Amino acid sequence: MEQYCIKGKRIRNLCIPKAYDLNKIQIGLPVTDDEAEKVGLVKVGDIVLPSGMFGPQSRKNAYGYSYADKTKEKERRYITTNWVYPYGNTDASKVAADVYRECYPKIEVEPFGIELQLFENENNQQFVIINMTDEIRKQYMKEAINLLLEIYGICYVYNGVVGFKNTIKKRRCNWEMLPPGEMPSRHVEKQLKAMKQSIDTYDIERLNYVETYNALEMVEGINGFRGYYAYLYENYCVLESAFYGKATYIIPKYNWEELSQRTKRELIDEKKLVGKINHTEKWEKNIAGIFKNLGISKKEAL
């Protein structure tokens, strides 16, 4: 199959030979070493949203981004809540201290949501391939190439769809069960201590609050969902992030894994969201009210 090789860190303009049909091309690279394992692909047919740890392009792809709208006046905005010792007294219990700043309004840009898949052709050659959708072909072709360049430093544009075995079963692998009995808040704290990172950049208390309710299971987000945890209740799934500045999303439990792969915009446009609670100073009050209306009960006090 005819192919065009691109090397480097990123491209500024889409550079695909004119003879190639943009409606049929495929973007990816052959697996010769650890290309698949690097992004979390294990079995043929696996699909992942790459982690944001690879760089700015990966972060925009997985988490989206925001920028200041300097055409408008600054506004007083809640930033986060820090848990501090009152007046520096380490013998006292920590108290919540809300942080506000004068900021320009933010314009939020949704994640690109470009996924990678592990393919195998009839000759048993494996490829890490962009999971091409109509949206990617129309809007995010350059971003797809830059994603692979950021991760691997190289990618190939194939003039035609890479053939693969029809027996391959697609499997998304962006979630994994936590160890039995381990709460997400404790899981985050343990990971941060192991990496010698500060807990101040995470909102552990928000996870602690969700954990006061009776979740049946708790699942850790991996790859592009790193930082998110899924709390599974009887009828609902609550997606909560350890990072401030995102939001809490509530979706139906029965198909939560499928719904959690979609972008925020898709969930809203398709009216799949049961609830969305922004991370503000009123977050706890708001989520308590929604949980009450949904019949999600708190654990019994010991």
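Thresholds, definitions, all that
- Residues numbered from 1 in each chain as written.
- Predicted model: local features only at pLDDT ≥ 70, side-chain atom pairs only at ≥ 80, totals over all residues.
- Heavy atoms only, no water.
- Salt bridge = Lys/Arg side-chain N within 4 Å of Asp/Glu carboxyl O.
- Buried < 20%, exposed > 50% of the residue type's maximum accessible area, 1.4 Å probe, protein only.
- Core = buried A, V, L, I, M, F, W, Y, C linked by side-chain atoms within 4.5 Å.
- Helix = DSSP H or I, 4+ residues; strand = E, 2+ residues; numbered from the N terminus.
- Contact = heavy atoms within 4.5 Å.
- Disulfide = S-S within 2.5 Å.
- Pairing = 2+ DSSP bridges.

Asker: Would you mind showing me how to read the pattern of salt bridges here?
Answerer: Proximity of charged atoms lets side chains of opposite charge pair with each other. According to the stated counting rule, one finds 3 salt bridges in the structure shown. Salt-bridge contacts for Lys 72 lead to Asp 69; the nearest nitrogen and oxygen are separated by 3.9 Å. Notably, a salt bridge pairs Lys 106 with Glu 108, separated by 3.5 Å at the nearest N-O pair. Looking at Glu 108, the relative accessible area reads 53%, which means it is exposed.

Asker: Just to check I follow, could you spell out the nonpolar core for this structure?
Answerer: Among soluble globular proteins, nonpolar side chains are generally buried collectively. One finds Ile 27, Leu 116, Val 128, Ile 130 and Ile 145 to be the most contacted residues of the largest nonpolar core, which totals 38 residues. For this core, the secondary structure elements donating two or more residues are β2 (26-30), β8 (116-120), β9 (126-130), α4 (141-152) and β10 (154-158). The dominant element in this core, judged by the number of residues it contributes, is α4, at 8 residues. The contact partners of Val 128, leaving out residues within four places of it in the chain, are Ile 27, Gly 28, Leu 29, Val 31, Glu 35, Ala 36, Leu 41, Leu 116, Gln 117, Leu 118 and Tyr 152. Counting residues in each nonpolar core, the second largest holds 18 residues, with Leu 207, Met 218, Tyr 231 and Ile 250 among its members.

Asker: Would you take a moment to explain the state of the cysteines for this structure?
Answerer: Cysteine pairs can be covalently joined through their sulfur atoms, and such a bond is termed a disulfide. Under the counting rule described, the total for this entry stands at 0 disulfides. Cys 15 forms no disulfide, and the closest cysteine sulfur to it belongs to Cys 155, at a distance of 8.3 Å.

Asker: Would you explain the environment of Met 132 in this entry?
Answerer: Looking at where Met 132 falls in the secondary structure, it is placed in the loop between β9 and α3 (134-139). Using a relative accessible area of 15% as the deciding quantity, one classes Met 132 as buried. In this structure the C-alpha to C-alpha distance between Met 132 and Ile 27, which are 105 residues apart in sequence, comes to 8.2 Å. Once residues lying within four places of it in the same chain are set aside, the contact partners of Met 132 are Ile 25, Gln 26, Ile 27, Arg 137 and Met 141.

Asker: It is not clear to me how the pairing of β10 should be interpreted in this structure. Could you clarify?
Answerer: Walk down a regular strand and you will see the side chains alternate between the two sheet faces. In terms of burial, β10 is largely enclosed, as 5 of its 5 residues are buried. As defined by bridge partners, strand β1 (residues 3-7) adjoins β10 across 5 bridges and the pair is classed as antiparallel. Each residue of the ladder has a partner; that of Tyr 4, found in β10, is Val 157.

Functional significance is not addressed by these values, which are geometric in nature.
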